[in-house]
Amino acid sequence: EAGVAQSPRYKIIEKRQSVAFWCNPISGHATLYWYQQILGQGPKLLIQFQNNGVVDDSQLPKDRFSAERLKGVDSTLKIQPAKLEDSAVYLCASSLRGLNNSPLHFGNGTRLTVT
Amino acid sequence: AQKVTQAQTEISVVEKEDVTLDCVYETRDTTYYLFWYKQPPSGELVFLIRRNSFDEQNEISGRYSWNFQKSTSSFNFTITASQVVDSAVYFCALSEAPAAGNKLTFGGGTRVLVKP
């Protein structure tokens, strides 16, 4: 089966600019996650969708980050305006169900550098 | 609050040696799942193993084995007869009660370097 697709692979922007990341989950996976992984750290959950509804966005910096999953399939994550501390890899993951017996499948991530 | 600690930041071994990765977790829930993921240089997180809190039976899967001990809140992972391709960052992760969905809390990771 095709894996989780993410684009772009790399992105370099200046602070205060905006940027958007795209994710296409594995076909049939109802649950989609965005994680932020700062260099040298483990991934941290930003937002979780079940179909097109938000399950958890408690750790999403809502003053600058937004995410949507309009048709319950693809998702976009946006940062506006970006700060230097947003430099990280943004990982998208999907699972068949939002249950603990359903492993997450991760994409290759988008590496963002903010200068 | 849940927390996962991987005290080892980096481990270097020579090929064919065994390597054990430590993981200690904190949770208030009685129902939870523990995972190990591998992150090779390509960046993709690869699922390796999963264990639920009610099953403390330790298993072996190929060259991978794990030791789950609820009494010490530890979930250690061993690679037997390591190979160069095992070089990667390994993450231990925790997922709490089903009502929380399938959100993972990750440890800081342990970088494993296997030298030929």
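Here, every reference points to the structure presented above.
1. What about the pattern of salt bridges?
Two side chains that carry opposite charge are able to pair once their charged atoms sit near each other.
Here is step 1: By the definition in use, this model includes three salt bridges over all chains.
Here is step 2: For Arg64(A), the salt bridge goes to Asp86(A), with nearest N and O atoms at 2.5 Å. Here the residue Arg64(A) occupies a position in the loop between β6 (53-56) and β7 (65-68), and Asp86(A) occupies one in the loop between β8 (75-79) and β9 (88-95), the gap between them amounting to 22 residues.
Here is step 3: Arg63(B) is the partner of Asp86(B) in a salt bridge, and the nearest nitrogen-oxygen pair spans 2.8 Å. Taken together, the residues Asp86(B) in the loop between β9 (74-79) and β10 (88-95) and Arg63(B) in the loop between β7 (60-61) and β8 (64-69) connect sequence positions 23 residues apart.

2. Looking at the interface of chain A and chain B
Here is step 1: Residue-level contacts link 24 residues of chain A with 23 residues of chain B.
Here is step 2: Both faces considered, chain A and chain B share a buried interface measuring about 1700 Å² in area, 48% of it formed by carbon and sulfur atoms.
Here is step 3: At the surface where chain A touches chain B, the tally comes to zero salt bridges.
Here is step 4: In this assembly, chain A and chain B are joined by four residue pairs in polar contact (both at pLDDT 80 or more).
Here is step 5: Looking at the side of chain A that touches chain B, the elements with two or more residues in it are β4 (31-37), β5 (44-50) and β9 of chain A.

3. Considering the nonpolar core
Here is step 1: With 24 residues, the main nonpolar core has Leu21(B), Trp36(B), Phe75(B), Phe77(B) and Tyr90(B) as its most contacted residues.
Here is step 2: The set of elements that each furnish at least two residues to this core consists of β2 (10-14), β3 (19-21), β5 (33-39), β6 (46-52), β8, β9, β10 and β12 (110-115) of chain B.
Here is step 3: Top element by residues in this core is β10(B). It accounts for four residues.
Here is step 4: Counting 21 residues, the second largest nonpolar core, distinct from the first, contains Leu32(A), Ile47(A), Leu60(A) and Leu77(A).

4. Some details on unusual backbone geometry
Here is step 1: Going from Ser7(A) to Pro8(A), the amide bond is cis rather than trans, its omega being -5°.
Here is step 2: Its location among the elements puts Pro8(A) in the loop between β1 (5-7) and β2 (10-13).
Here is step 3: The step from Gln80(A) to Pro81(A) runs through a cis peptide bond, and the omega angle for that step is -5°.
Here is step 4: On the secondary structure map, Pro81(A) appears in the loop between β8 and β9.
Here is step 5: Residues other than glycine seldom take positive phi values, yet Ser73(B) does so here, at roughly 50°.
Here is step 6: As for its placement among the helices and strands, Ser73(B) is situated in the loop between β8 and β9.
Here is step 7: Since its relative accessible area comes to 23%, Ser73(B) is described here as partly exposed.

Conventions we followed
- Residues numbered from 1 in each chain as written.
- Chains lettered and ligands numbered in written order.
- Predicted model: local features only at pLDDT ≥ 70, side-chain atom pairs only at ≥ 80, totals over all residues.
- Heavy atoms only, no water.
- Salt bridge = Lys/Arg side-chain N within 4 Å of Asp/Glu carboxyl O.
- Helix = DSSP H or I, 4+ residues; strand = E, 2+ residues; numbered from the N terminus.
- Contact = heavy atoms within 4.5 Å.
- Buried area = accessible area lost by both parts, 1.4 Å probe.
- Polar contact = N/O pair within 3.5 Å; in protein donor to acceptor, adjacent residues only side chain to side chain.
- Core = buried A, V, L, I, M, F, W, Y, C linked by side-chain atoms within 4.5 Å.
- Buried < 20%, exposed > 50% of the residue type's maximum accessible area, 1.4 Å probe, protein only.

In short, the description is geometric, and any link to function would need to be established separately.
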